[in-house]
Amino acid sequence: MTPSTRTRAANQARQQHIQTKLMAIKEALRIMQRERTPITYPAVARRADVSRSFLYQNPDARTLMETALATAGDQRGQDRASRDAQIEASWRERALNAEDALSMAHREIGTQRDRIGLLLGQIRDLEADYTEQAAQRIATQNADLKRQVSDLSQKNRNLEEKLAASRSNNRFLDKRIADLEARLLEDPATIPE
C-alpha cells in the first residue's frame, strides 16, 4: 500500500467511525425523547457511548443536540402549560361550585327565617289559647327551628370560608401563571421542571 492509499483508507475509516457515532447519537436522542428523559450533553454522551467533547466539537453532533434541546424545551413548555391549565380549570370549577353552594345556603337561610317569623307570629297570636302541653310543644319546635337556623348559619360560614380559600388559590395560581409566562418570555432555560 502506498502512503496516499493508507491515508485515504484512514480518512474513510474515520468518516465511517464518525457516521457510526452520529447514528448512535440520533438513536439515543430518539429514545430519550420517547421516554421524556431530560436531554443533557452528559446524558446523551452516556447513552450514545460517545465523549462529550465529540458532542461539542463535531458540527453535526452539535446540530443534533441543539435541535433536540430546542424540541425538548418546547415540549416541556407545552406540558407545563397544559398542567397549569388543568390546575386552573380545577380551581375555577371549585370556586364556581362553592359560589353555587353559598347561594343555595343563602336562599335556604332566607326561607328558614321566613318560616320562623311565621311560626313566631302564630305563637304570639295563639299563645293565650294554648294549654301547657301545647306551649311546651311549640317551644320545642321553636328550639328545633333555632337549631336549624344555627346549623344553616354554620354551613353558610363554612361555605364562605371555602369560597374565600378558592378565590385566594385562584389568585395565587393566576399570579403564578403570569410569573411563569414572564419568566418563559425572559429566558426559557430558567423555568424549573
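Look up a bit, the structure's there.
Owing to the predicted nature of the structure, the values given are computational and were not obtained by experimental measurement. (Residues numbered from 1 in each chain as written. Predicted model: local features only at pLDDT ≥ 70, side-chain atom pairs only at ≥ 80, totals over all residues. Heavy atoms only, no water.)

## Regarding the overall build of the chain
- Secondary structure summary: the chain contains 5 helices and 0 strands in total.
- Put simply, the chain runs from its N terminus to its C terminus through helices and strands in the order α-α-α-α-α.
- By the compact-globule yardstick of 16 Å for 193 residues, the chain is too spread out, its C-alpha radius of gyration being 36 Å.
- The C-alpha extent of the chain, read off along each of the three principal axes, is 135 × 30 × 15 Å.
- Considering only intrachain contacts with a sequence separation of at least 6, the fraction spanning at least 24 residues in the chain is 66%. (Helix = DSSP H or I, 4+ residues; strand = E, 2+ residues; numbered from the N terminus. Rg over C-alpha atoms; globule rule 2.2 N^0.38 Å. Contact = heavy atoms within 4.5 Å.)

## A short note on the packing of aromatic side chains
- Summed over the entire model, instances satisfying the criterion amount to 1 aromatic pair.
- Geometry around Phe54 places Lys21 over its ring, the cationic atom sitting 4.8 Å from the centre. (Phe/Tyr/Trp six-rings, centres within 6.5 Å; stacked < 30°, edge-to-face > 60°. Lys NZ or Arg CZ within 6 Å of the ring centre and 35° of its normal.)

## Some details on the layout of surface pockets
- The space that makes up the largest pocket amounts to roughly 300 Å³.
- Lining the largest pocket are 14 residues, and of these Arg36, Ala72, Gln75, Arg76 and Asp79 lie nearest its centre.
- When contributions to the lining of the largest pocket are tallied by element, the ones reaching two or more residues are helix H1 (3–35) and helix H4 (59–126).
- In terms of residue count, H4 provides more of the lining of the largest pocket than any other element does, 7 residues in total. (1 Å grid on protein atoms, 1.4 Å probe; cavity = no way out; pocket = protein on both sides within 12 Å on 5 of 7 lines; lining within 4 Å. Points joined across faces, edges and corners; volume = space filled by probe spheres on them.)

## Let's talk about the packing of H1 against helix H2 (residues 41–48)
- Running from N to C, H1 and H2 cross one another at 115°; their axes reach a closest spacing of 9 Å. Both H1 and H2 take part in a crossing whose hand is right-handed. Touching Ala24, Ile25, Ala28, Leu29, Ile31, Met32 and Glu35 of H1 are Ala43, Val44, Arg47 and Ala48, all from H2. (Axes fitted to C-alpha atoms, helices over the stretch in contact; angles between N-to-C directions. Left-handed = near helix turned anticlockwise from the far one by under 90°.)

## Points about the side chain of Gln112
- Mapping Gln112 onto the fold places it in helix H4.
- Residue Gln112 is classed as buried on the basis of its relative accessible area, which comes to 9%.
- When residues no more than four places from it in sequence are discounted, the contact partners of Gln112 are Leu145, Gln148, Val149 and Leu152. (Buried < 20%, exposed > 50% of the residue type's maximum accessible area, 1.4 Å probe, protein only.)

## Things to note about the side chain of Asn58
- Structurally, the position occupied by Asn58 is in the loop between helix H3 (52–57) and H4.
- A polar contact of 2.9 Å, which involves the side chain of Asn58, links it to the backbone nitrogen of Asp60.
- For Asn58, the side chain forms a polar contact with the main-chain nitrogen of Ala61, separated by 3.0 Å.
- With near-sequence residues (within four places) excluded, Asn58 lies in contact with Ile18, Leu22 and Ser53. (Polar contact = N/O pair within 3.5 Å; in protein donor to acceptor, adjacent residues only side chain to side chain.)

Coordinates in, geometry out; function isn't part of it.
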